Structures are given as structure tokens and as C-alpha cells.
Amino acid sequence: MSGPDGSGGPGGPGAGGGAVGRTGGGLVGRVLRAVVVPLTLIALTGLAGVVLGRVYAGGLLTRLVLGAAVGSVLVSVAARRLPSWLVAPVSVAAMAGWTLWSLRLAATRAELPGGLLEITADAARNGIPRLLTAMIPVEPTPDTVLVPVVAAWLAGLAGAEVALRAGRVLLGYLPAAGLYAAALYVVGPNAEPAIAATLAFVAVAAVGLAAPTWPPPAGGDPMSGLAPRVRAAVRIRLAATAAVGVALVVGLVALLGPVIAGQVDGRPVDPRRYVEPPQVQTLDENPLIRISGWALHPEQKLLDVTTVRGGAPPDAPAASTGPNGQRGGSAGPDGRTGTEPDGGTGDGPDGSGSPGAADGSGGSLRIRLAVLSDYDGVTWRVGATYRNAGRILPASAPAPNSAVETIRQQITVADLSGRLLPAVATPREVSGARVAYDPATGTLIRPEGLTPGLRYTVTSARERPDSNLLATANVPAGDEVARVLRVADGAPDPLRRLAAQLAEKNGAPYARATAIEQFLAEHYRVVADAPSGHAYPNLGFFLFGPRNAGGQRGTSEQFAAAFAVLGRLSGLPTRVVVGFESTGQGPVRAGDAYAWPEVLFDGLGWVSFDPLPRPDNEPRPVEEDFRPTPDDPPPSEAPEPTVEPTASPEPVAAPAGPADADGVPTPVLVAGGSGGLLLLVGALLLTLLAMRRSLTRARLERGDPGQRIAGAWREVTDALRLAGRPVGGDLAATEVARHARQALADARARTGPGPAADRSTPDDLGDGVGELADLLNQVAFAPGATTPTQADHAAALASAYTGTLRAARPWWRRLLWSTHPAPLRNRRS
């Protein structure tokens, strides 16, 4: 109803305007609350993805985490009218869809094979360990994005429900803050401090808290209706509470401020140090021992290779061109072309091309399998720390005086076993296989192991040093290269004298290296049937053993190991590399397996050498160029000591008869000594018998089924050793089974069937060993799949075979069978 002046009802314009103002204010507050707080939650959760994305390659992870933040918050906003118990299932269903899409996108970007179900199951099993063992920068693969995406979605869901539905904004920040702290912890010291992201996190949180509450409190000031005295008491209580809160904050700042300030310049904890990276077996830790086995089966096909040479990268210097038009270093002062980490040397002193020669335009190409830097006097080992890596591997700066050539290869695995993944040095990108990488050595592994038919593509940056600088190049020293300079204790004196003799007339490092290379190439012979071994005794026999007894001959294993040890003894940082020599196209066979040494030069990097003799070279006797013993000093330098003659006392003859009454009779002494010796021998035999039986029980009865089956297999191989029919470490289980069947048949043929033949035949026992070999293969290729029943059966098969083989031995060998100490020395073989 209008008043006389045309205004509104009794309340006048003030009343109507106040209603409109309150309505408009409520609408604005509602809009601010509906927009600002969700955007704040999305931003806070997304900032956690920004922080974590700093250790990832590319921006895919940040985008996926931001998408999870947007999706989780929007689902909660859209479902705010639904019951609270129904929001979580709806959001989890949406999370599953976003996660599956993210995993498929990451797999496609990383070019990983397999279906979505297989990829998802693998990521769910290995997401956390692979995230914490992955190499920085982390490749966004399904297993490295699953955990961040799911965590971001759950944080957004929890924060939105608390902040929007319950209206507790500050408490709703807690999930996002926890996610942000977790991201900082995972990054650790592997990125710069996230100062900008942290300031942005605080600023965004403050904006969200500053948004007006909705709905606004009705009735204005809630204390307006209280009595003045009551209102004053309430305000005093509120002021006191605020003062206490401020005091607590100031106290916490005073207590924790110095502690936090002291950590500003400290190094964050890296959670990766608490997670064990992928491990390898002995076969992959020391592939040098496989050279002799491959040499005996040269036609075995290991790989198929297709190579594309891409030329030098844009930021790499161009390779120089030699006088013959080939890419690579020009000829050095001694006629050898510049050596390279994967290409070998060029022309030798005699003008012939070395077996490892490689040029940039065709020629042979070395495919590296492993780099061995650690030597303990017995074994060369890789000694690598592998980190799970994505498609893009971390790049290291090339040596300043080296040209870089890009080589892309597609490699298909045939019969190569183990985990080591072949690639031309130095790999930069791998697709088609999940890999782990050691940047210190450049060695690649496939944690799941190699399988026939595996196909992958690897792009490498091959360095080619400038050979014109080799003659004057120095070698580095200090703690950084102590690992490749270390000489293991126990180096034989002849080895030290040979190294000193080769170095005494060659002061420059490169001259020393070439002197060692030429000495080995001129005095030793390459043979395919040389036994494996590169410990100090093996190298001593290889270098100084008589030729008619098998000395002074070996495979590339002994040549490379001898070069590396002699180099370290003369002050050169050396290492051994195992790989394959290939044309770059077509099959790579076991006969192409090869080991070569490398020397580290300042400014040039690792340079390979080729100590193998030329095919038409007849080795000279070592004695012509090496002094086995040091020369005797001249008399003037080491005069003979003068000894004055002295009178010798007359010898006193011992009494021939028995001792006198005060002494012990000689027969008693002899009898006592003989008896003591017999007791000692008996105690030793009983001890050996007890130890052998304890070892057999431990192998056959203790541990999980896989360990018991492996123990049964070691019982069979020990029995073959005791029977004089040992097996080599390079034989497969099925080949050992055939060998065992033949050994039993030969033993039966020599000694007759014996009493055991009434119960079993050689064929039956041979089939049993074959069955045991199948169980061993099952343990190796399907860990955890064997059962206790299979382990009991394996123990029975091993006991039956060893008992029958022992019974076929002569009686005196049967007596020594149970006390022979050889199995105790080979407990793990």
C-alpha cells in the first residue's frame, strides 16, 4: 500500500531498501562462497602437483594432478544436494574414470606396450616403489602417475566436503596442505626450494579464508539483545581468549622459529635412500665371465639389430674428418686413429685395422652390455646403483674435446638372457621396454629380465674424442676417480714389475696406455677355448705361464682385464667394458661378444683400446721383452758380507739305543705321536662328515620351496664334481641334466650295475634329474609358484641320484665321498 507521498508501505523507503540490501548481500555472499572456496581448493591441490612436477620430465603430471583437483571439487559441488553418504561413491567412480584415462595417456606418451588392464595392475602393484626408485627426471609413466593422481583426487574430495558441506574452510584446507607437504617430501633435495609455490599456497589460502561466510548471521550483532553487564563480560572473555591465542602463537614462533630457520639452508631428506633400487644377479653383475661360454658357441644368435645413424646433434661439435674421408679422429702420432668409447681403435702400429675399428659411416659398431669399474683382485663388477627410468634418460655433458654422433637402433632380443640391456654408448632415450639406469656407468637393465622377442628402440649419443689431443692429454686424479684407480690388495710382484717396466720409458699417459696395448697384442694369443677367470692368479698364469701348459693365451676377457690392471698399476684410470661387435645391421651372435678396456683422459672422456693381437700376428715369447726377475745389483753396490771363520764344535752323536731311565723311550714317543695323529685325522673326518650332512639337510629341508629346490640342484652338481664330472657355469639346467644322465651311464659302464640297479635304472634317474631341472627353471622364471610338495619331490630326486652315483664309484672313493670338503667350499655354487 502506497503512502501519500507515493512511497512504499508504513516502513517507508528505508525498510524496503534494507530488505533489498540484505537480499543482495546474501546473494553476493552465496556467489562468493560458491566460487571462491572451490577455486581455492582446486588451486591448493593443483599447487601440490606443481611442486611434485619439478622432478618429472615435461608437464604431464602437473596437468593430470590439476585435472584430478578440478574433477574432485566439481563433483562435490555438483552433488552438494545429495546425501553426504552418496557423494563419496559418486566421486570415487569419477576418480576411477579419470585415473584410467590418465594411465592410458601416460602409457601412450611413454610408448609402453600392453592393454589397459595389464598396465593398471602393474601400476597398482609397483606405483610407490617405482616412484621412489625412479631416476630424476621421472618419466610420467602409469606407475609414476597413479599415486599422485589418486592422492590429489582424494585430497580434493575430502577438502570440498569439509569446506563446502560442513562450512569449515580452514579444516578443509588440511587435506590439500598434507598433499603439498607430501609432495615436498618426495621431491626432497632433487629440486630447488619451492619458495614461490609455497608463497602462492599461503596467498591462495588467505583469499579463501577472506571470503564472506554464507548464509550471513541473522539479526545483525548477536550480542545486541544482551544486558550491558552481560555483554561486557562476554567481550572481556573473548578478548582474554584472543590474548591467550596470540600468546600461544608467539610462544610457538619463539620456540620453533630458530629450529625452522636452522633448517632453511639444510639439505632435505631424500626418501629414495630408504628404498632399495632394483638388484641384479651375479651373471649381470659380472658379465665378463660369460665371454668364454659365448666363445664356445659362436653361432648362437643373441640379438637382431637395425641401426640408423643420425649425425651430430645441433649443440654438438661436428666430427673431424680424417685424411681418408671417414668421420672420426685423424691419425694420432703413432699411426692409430683416435680411439672412442664404443668404437675401438683404428689402425694399429703395423697399419692393420684393429678388430674394434669403427667409423662414423659404416664399419663395425660396438654395442655395450655393461661397464665394469670395480675390481677386488678376484672379480670385475659393475657395482651400479640402478634407478627406474622413463623413456628419456638423464643427459650428461659430453667431453669438451669430443664430437657427438646420434645413433638410433632397434634391437630385438633372441637368446640373450639376464637383465642387462644392450645399447650403444651413451643411451639417451629408450622406448619399448621399461628400464633402470645407472648414470655413473651408463649401464641399462630391464628389471623384469630379457625375454626372446623383446623389441626396443634406443637412441644414443656416441662420443668421438679428438685423437690429435691424445698424445698430450693427462689423466684425472683425486677422489672423483678413486674408484677407477684403485688397485686391489695382493697384486703379484711379476704383475707390478711388468707394469713398471712398461711405464718407465713412457711418461705420458697415452704412451703408457699404448705400450700396454702393444705388449699384450704382440706377446699373447687369442683362443676360444681358454677357461674363464680374471683373478690375480688367472692373470698371472695368462701373462707368465708356460705356453706348453696353456699360459700366454686367452679370450678377450683376459686381455681386457690384464690391460685394466696393468693400467691401474701404472697410474691410469681404467675400466672394462663388455659388449658386442656388430656391423650395426642384422644378427649379433655369441661369437661377436667382446671385452675391451677403456682409459679416462682429461677433456676427452673414456677412450677405448684394443689389446687383442692382429689376426696375422705371431706372438713373440714374453721372455724376450720382460725381465722375470730384477737384475742383481753390482758388487760395489751390494758387497758380500764378510764372515770371520770360527771353529765349529765337534758334532755329538746321538745315542743309538733307547733313552736312559730319566727320558721317555723312543717307541713310546713314536706310538704316542702316531696315535695323536690318528685321533686328529679321525676328528677332522668326523667334523667334515657332520658339516656335510648339516649342509645337505639345510639345502633339502630349510627355506621356502624355491630355496629347497635350488639346494637339491646344488646337491646334484656337487655329486658330479665328486664323481669327476663337473659342469660349467655357462650351461643351462637342461644341459646339466643331460650331462648328469651321461655321467651316471658312464659310471655304470665302468663298475657294473651294483646293488642299486635292482631298484632304478640310469634312464629313470636321468629322467629324475631332468624333472629336477624343470623345477629349477620354474623357480627361476616363476618365483613363488613352487609348492612344498614339489620341494619334497626335488629332495627325493636329488638324494636318489647322488646315492646311485656314489654307489657306482670304486669302494675307496665311496669312503671319501661323504667327507670330501669340496661341497663346503662351493656352498652357493
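What you are looking at is a predicted structure, and each value in this text was computed from that prediction instead of being measured. (Residues numbered from 1 in each chain as written. Predicted model: local features only at pLDDT ≥ 70, side-chain atom pairs only at ≥ 80, totals over all residues. Heavy atoms only, no water.)

### As for the overall build of the protein
Within the protein one finds 22 helices and 16 strands. Here the protein, with 829 residues, has 43% of them falling under the buried criterion. Long-range contacts, defined here as pairs at least 24 residues apart, represent 76% of the contacts in the protein between residues at least 6 apart. Surface summary for the protein: the accessible area is close to 41,400 Å², and the carbon and sulfur share equals 61%. (Helix = DSSP H or I, 4+ residues; strand = E, 2+ residues; numbered from the N terminus. Buried < 20%, exposed > 50% of the residue type's maximum accessible area, 1.4 Å probe, protein only. Contact = heavy atoms within 4.5 Å. Areas by Shrake-Rupley, 256 points an atom, 1.4 Å probe, with all protein chains shown as cover.)

### So, the packing of aromatic side chains
This model, assessed by the stated rule, comprises twelve aromatic pairs. Taking the centre distance of 4.7 Å and the plane angle of 35° together, the rings of tyrosine 180 and phenylalanine 201 count as tilted. With tyrosine 180 in helix H6 (residues 169-187) and phenylalanine 201 in helix H7 (residues 195-210), this residue pair connects regions lying 21 residues apart in the sequence. Accessibility assignment for this pair places tyrosine 180 and phenylalanine 201 in one class, buried. On the basis of an interplanar angle of 50° and a centroid distance of 5.6 Å, the ring pair of tryptophan 294 and phenylalanine 580 is categorised as tilted. Placement of tryptophan 294 in helix H10 (residues 290-296) and of phenylalanine 580 in strand E13 (residues 574-582) is noted, with a sequence separation of 286 residues between them. (Phe/Tyr/Trp six-rings, centres within 6.5 Å; stacked < 30°, edge-to-face > 60°.)

### Concerning the nonpolar core
Judged by nonpolar contacts, the single largest core of 85 residues is most densely connected at Trp294, Leu303, Trp380, Leu416, Tyr456, Phe580 and Phe601. If you look at the next biggest cluster of nonpolar residues, it comprises 45 residues, including Val65, Val145, Ala183 and Ala205. (Core = buried A, V, L, I, M, F, W, Y, C linked by side-chain atoms within 4.5 Å.)

### Examining the sheet that holds strand E9 (residues 443-445)
Across the sheet, three strands lie side by side as E5-E8-E9; this open sheet has antiparallel pairing. Where the open sheet ends on each side, the last strands, each with one partner, are strand E5 (387-389) and E9. Averaged over neighbouring strand pairs, the angle between their axes works out to 40° when direction is ignored. Direction of pairing for E5 relative to strand E8 (residues 435-438): antiparallel, over a ladder of three bridges. In the strand pairing of E8, alanine 389 is matched with valine 435. (Pairing = 2+ DSSP bridges. Axes fitted to C-alpha atoms, helices over the stretch in contact; angles between N-to-C directions.)

### Examining the environment of leucine 164
Structurally, leucine 164 is set in helix H5 (residues 142-165). Owing to a relative accessible area of 29%, leucine 164 belongs among the partly exposed residues under this scheme. Residues leucine 164 and serine 76, spaced 88 residues apart in sequence, show a C-alpha to C-alpha distance of 8.3 Å.

### Some words on the environment of alanine 807
As for its position among the elements, alanine 807 is in helix H20 (residues 788-807). Placed 59 residues apart in sequence, alanine 807 and arginine 748 show a C-alpha to C-alpha distance of 9.3 Å.

### Quick notes on empty space enclosed by the protein
The tally for this structure, following the rule as stated, stands at three cavities of 30 Å³ or more. Here the largest cavity is characterised by a volume of approximately 170 Å³. Along the walls of the largest cavity sit 21 residues, with Glu139, Thr141, Ala389, Gly390 and Arg434 positioned nearest its centre. Elements with a contribution of two residues or more to the lining of the largest cavity: H5, E5 and strand E7 (427-431). Its residues assigned to classes, the lining of the largest cavity shows ten nonpolar, six polar and five charged. In this structure, the second largest cavity spans a volume of roughly 50 Å³. Lining the second largest cavity are Arg368, Leu369, Ala370, Val371, Leu421, Pro422, Ala423, Pro427, Thr441, Gly442, Thr443 and Leu444. Secondary structure elements with two or more residues in the lining of the second largest cavity: strand E2 (365-372) and E9. Looking at the lining of the second largest cavity, the element that brings in the most residues is E2, giving four residues. The class makeup of the residues in the lining of the second largest cavity is eight nonpolar, three polar and one charged. (1 Å grid on protein atoms, 1.4 Å probe; cavity = no way out; pocket = protein on both sides within 12 Å on 5 of 7 lines; lining within 4 Å. Points joined across faces, edges and corners; volume = space filled by probe spheres on them. Nonpolar A, V, L, I, M, F, W, Y, C, P; charged D, E, K, R; others polar.)

### Description of the packing of helix H2 (residues 60-78) against H5
Relative orientation of the contacting elements H2 and H5 amounts to 30°, with a least axis distance of 8 Å. With respect to H5, the axis of H2 lies roughly parallel. The element H2 and its partner H5 pack so that their crossing is right-handed. Along its contact with H2, which presents Leu61, Leu64, Val65, Ala68, Gly71, Ser72, Val73, Val75, Ser76 and Val77, the element H5 presents Thr144, Val145, Pro148, Val149, Ala152, Trp153, Gly156, Leu157, Ala160, Glu161 and Leu164. (Parallel < 35°, antiparallel > 145°, perpendicular 65-115°, else oblique. Left-handed = near helix turned anticlockwise from the far one by under 90°.)

### Notes on the pairing of E13
By the criterion of burial, E13 is predominantly enclosed, with nine of the nine residues buried. Relative to E13, E2 runs antiparallel, the two being bridged by seven bridges. Residue pairing for E13: arginine 366 is matched across the bridge by glutamate 581. Of the pairings in the sheet, the one linking E13 to strand E15 (residues 593-601) comprises seven bridges and is antiparallel in character. Bridge pairing in E15 places arginine 575 opposite glutamate 598.

### Some remarks on the sheet that holds strand E16 (residues 605-608)
Taken together, four strands build an open sheet; the order of strands is E2-E13-E15-E16 and the sheet is antiparallel. This sheet does not close on itself; its edge strands, each paired only once, are E2 and E16. Direction aside, neighbouring strands of the sheet carry axes that sit 40° apart on average. Of the strands in this sheet, E13 and E15 touch helix H15 (residues 556-569), which is tilted by about 15° from E15.

### Observations regarding unusual backbone geometry
Between alanine 425 and the following residue, threonine 426, the backbone shows a cis peptide bond with an omega angle of -5°. Its place among the elements puts threonine 426 in the loop between strand E6 (402-413) and E7. Phi at glutamine 552 is positive, roughly 60°, even though this residue is not glycine. With respect to the helices and strands, the residue glutamine 552 is situated in the loop between helix H14 (536-544) and strand E12 (553-554). Accessibility expressed as a relative area gives 4% for glutamine 552, which makes it buried.

### Regarding the confidence of the model for the protein
With 77% of its residues at a pLDDT of 70 or more, the protein shows a mean pLDDT of 79. Put simply, helix H1 (residues 12-52) is where the protein has its lowest mean pLDDT, 69, and H15 is where it has its highest, 96. Of the regions scoring below 50 in pLDDT, residues 1-24 engages in seven contacts with residues more than four places distant in sequence or in other chains. Confidence drops under a pLDDT of 50 for residues 755-759, and excluding neighbours within four residues, the segment shows three contacts in the predicted structure. (pLDDT = per-residue confidence, 0-100.)

### Considering helix H4 (residues 116-133)
Asparagine 126 marks where H4 bends most, by close to 65°; the proline proline 129 follows one to four residues later. Taken as a whole, H4 has its buried residues at Ile119, Asp122, Ala123, Gly127, Arg130, Leu131, Leu132 and Thr133. Each element contacted by the buried residues of H4 is listed here: helix H3 (84-110), H5 and E5. (Bend = angle between axes of the 7 residues up to and from the residue.)

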